[in-house]
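Breakdown of the fold
Here is what each chain is made of, one letter per residue.
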Amino acid sequence: MSSAALQRSIITDIKLAEEGHLKIDWVEAHMPVLNRIREQFEAERPFAGLKVTICLHLEAKTAYLAKVVQAGGAEVTITGSNPLSTQDDVCAALVEDGITVFAKYNPDPEEFKALQIKALETKPDLIIDDGGDLVTLLQSERPDLAATIRGGAEETTTGIIRLKALEKEGKLKFPMVAVNDAYCKYLFDNRYGTGQSAFDGIIRTTNLVIAGKTVVVVGYGWCGKGVAMRAKGLGANVIVTEVDAIKAVEAHMDGFHVMPMVEAARLGDFFITVTGNKAVIHGEHFDVMKDGAVLSNAGHFDVEVSKPALAERSASVRTVRRNIEEYQFKDGRKMYLIAEGRLVNLAAADGHPAEIMDTTFALQALGLRYVNERYNELAKSVVNVPYEIDEQVARFKLESLGIAIDALTEEQVKYLDSWNA
């Protein structure tokens, strides 16, 4: 055990470490791309002498990413990006491995923010962020802690939205690599990861059948596509609601019913929001929902299902199962909200499958190395993951699966580079 890391850290109980190590060992065995990058980092030590602060959903897969960054020579500090997704046993295991942890399961909002600030007070050289939480704190409350930061990498759609808003106002203080916008992120993590893990959380929490029910998917971005696909595979009738005309046509062509939310609200048994926006299910929708409707969110913040509007209409609120709150309306109807409207796949389950996060966290590790190597050249802006890194991650993944692909011949390359057929 690292006594220094334990003295620095704020966690629930170091005695939980044994179970945390088992969880981390399990995901390590199923993350071959990250294992390969760890070998590279151990040999090259790209972060030697640097401090890295990570803010992500603090469970086993994130823990292994932290260990890979540590293997690259970094002094790593980690904090949680969601109070309900932090796993205390994983936190304890990381402390035993010499990583400083400021995180607990379900702290109150003030303590949660204080833990994130403690992670920033280590004065990192590089950050990995989720939802723009660290960057927002640096902008709004602790700008004094930004001076040492060379740059970082961002995990989510919500985070990219916030970072681009800061960039537009000229307030982004360092380059941030948009990991979320890489092909190997949104094509696989957002679609297959969110699709599977959202239903892991819903089914595990409710113990209800999906087949034959009507599932309303709010938003048809890459996450929404995955959720709709999995709902269909489970035998549900699927309705998609959208504000983007192009995505609505795509949902229609993919075989789903498309309609306004107020119409879908009358029909749905399960509702899953994946928009990144606030109050996409709100008062007028609750007014027409069926008794017993189940509400859940797979977006970063707990604002997509309007909890104030639910509370307004309720005569009573009680917890009826772990992670399920029952809102009994004044007219007698009951609505069930999973995991307080927070990320259902992480607050009520274990998040994306390890094999999916293997490619996403490979992008995080390589993206962090890229920004560290180029921070003097990069603008204080949102930076795309270079295609070469994206493709390299995909090639490592194919190799781990034992899959070979073709390569262009010199003649084919020449043909594609020519305007004259």
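Residues numbered from 1 in each chain as written. Predicted model: local features only at pLDDT ≥ 70, side-chain atom pairs only at ≥ 80, totals over all residues. Heavy atoms only, no water.

1. Comments concerning the environment of Pro107
Its location among the elements puts Pro107 in the loop between β3 (100–102) and α6 (109–120). Once the C-alpha coordinates of Pro107 and Asn82 are considered, the two residues, 25 residues apart in sequence, prove to be 9.7 Å apart. If sequence neighbours within four positions are ignored, Pro107 has contacts with Pro83, Phe112 and Leu115. (Helix = DSSP H or I, 4+ residues; strand = E, 2+ residues; numbered from the N terminus. Contact = heavy atoms within 4.5 Å.)

2. Regarding a nonpolar patch on the surface
Judged by side-chain polarity, Leu408, Val413, Tyr415 and Leu416 come together as a nonpolar surface patch covering roughly 420 Å² of accessible area. Within the secondary structure layout, Leu416 lies in helix α18 (residues 410–416). The exposure class assigned to Leu416 is exposed, which follows from its relative accessible area of 57%. (Patch = residues over 30% accessible without salt bridge, like charges linked within 9 Å, V, L, I, M, F, W, Y side chains within 5 Å. Areas by Shrake-Rupley, 256 points an atom, 1.4 Å probe, with all protein chains shown as cover. Salt bridge = Lys/Arg side-chain N within 4 Å of Asp/Glu carboxyl O. Buried < 20%, exposed > 50% of the residue type's maximum accessible area, 1.4 Å probe, protein only.)

3. Describing helix α4 (residues 60–71)
Since the α-helix advances by 3.6 residues per turn, residues separated by three or four positions end up pointing in the same direction. The end-to-end C-alpha distance of α4 is 16 Å, a good match for the 16 Å that 12 residues give at a rise of 1.5 Å each. Of all 12 residues in α4, 11 are buried, a share of seventy percent or more. Those residues of α4 not exposed but buried are Ala60, Lys61, Thr62, Ala63, Tyr64, Leu65, Ala66, Lys67, Val68, Val69 and Ala71. One or two steps after α4, the chain reaches Gly73, where phi turns positive at roughly 100 degrees. (Expected span 1.5 Å × (residues − 1).)

4. Observations regarding the sheet that holds strand β11 (residues 293–297)
Across the sheet, 8 strands lie side by side as β9-β8-β7-β10-β11-β14-β13-β12; this open sheet has mixed pairing. Both outer strands of the open sheet, β9 (257–258) and β12 (314–321), are each paired with one neighbouring strand and no more. Bridge count between β11 and strand β14 (residues 334–338): 3 bridges; the pairing is parallel. Paired with Ala293 across the two strands is Met335, which belongs to β14. (Pairing = 2+ DSSP bridges.)

5. A few points about the sheet that holds strand β15 (residues 382–384)
Spatial strand order, β3-β2-β1-β4-β5-β6-β15: 7 strands in an open sheet with parallel pairing. At either margin of the open sheet sits one strand with a lone partner, and together these are β3 and β15. With direction set aside, neighbouring strand axes in the sheet form an average angle of 20 degrees. The strands touched by α6 are β1 (51–56), β2 (75–80) and β3; relative to β2, the strand with the most contacts, the crossing angle is about 165 degrees. Where helix α7 (residues 133–140) meets the sheet, its contacts fall on β1, β4 (126–129) and β6 (176–178), and the angle it forms with β4 comes to roughly 120 degrees. (Axes fitted to C-alpha atoms, helices over the stretch in contact; angles between N-to-C directions.)

6. Some points on the UniProt feature "binding site: substrate" (unreviewed entry) in the protein
Taken from the UniProt record, the annotation "binding site: substrate" (unreviewed entry) applies to Asp130, Glu155, Lys185 and Asp189. Taking the farthest pair of C-alpha atoms as the criterion, the annotated set spanning 60 residues converges on one region, since that pair is 14.2 Å apart. Mapping Asp130 onto the fold places it in the loop between β4 and α7. Leave out the neighbours within four places in its chain, and Asp130 touches Cys55, Leu56, His57, Ser81, Glu154, Glu155, Thr156 and His300. Secondary-structure assignment places Asp189 in helix α9 (residues 183–206). Given the relative accessible area of 2%, Asp189 is considered buried. (UniProt positions renumbered as here; feature names shortened; annotations may be inferred.)

7. Some points on the packing of α7 against helix α8 (residues 157–168)
Where α7 meets α8, the closest approach of the two axes is 9 Å, and the angle between their N-to-C directions is 35 degrees. Like other packed secondary-structure pairs, α7 and α8 cross with a definite hand, here left-handed. Here α7 contributes Asp133, Val135, Thr136 and Gln139 to the contact with α8, which in turn contributes Arg162, Leu163 and Leu166. A class-by-class count of the residues in the contact of α7 with α8 yields 3 nonpolar, 2 polar and 2 charged. (Left-handed = near helix turned anticlockwise from the far one by under 90°. Nonpolar A, V, L, I, M, F, W, Y, C, P; charged D, E, K, R; others polar.)

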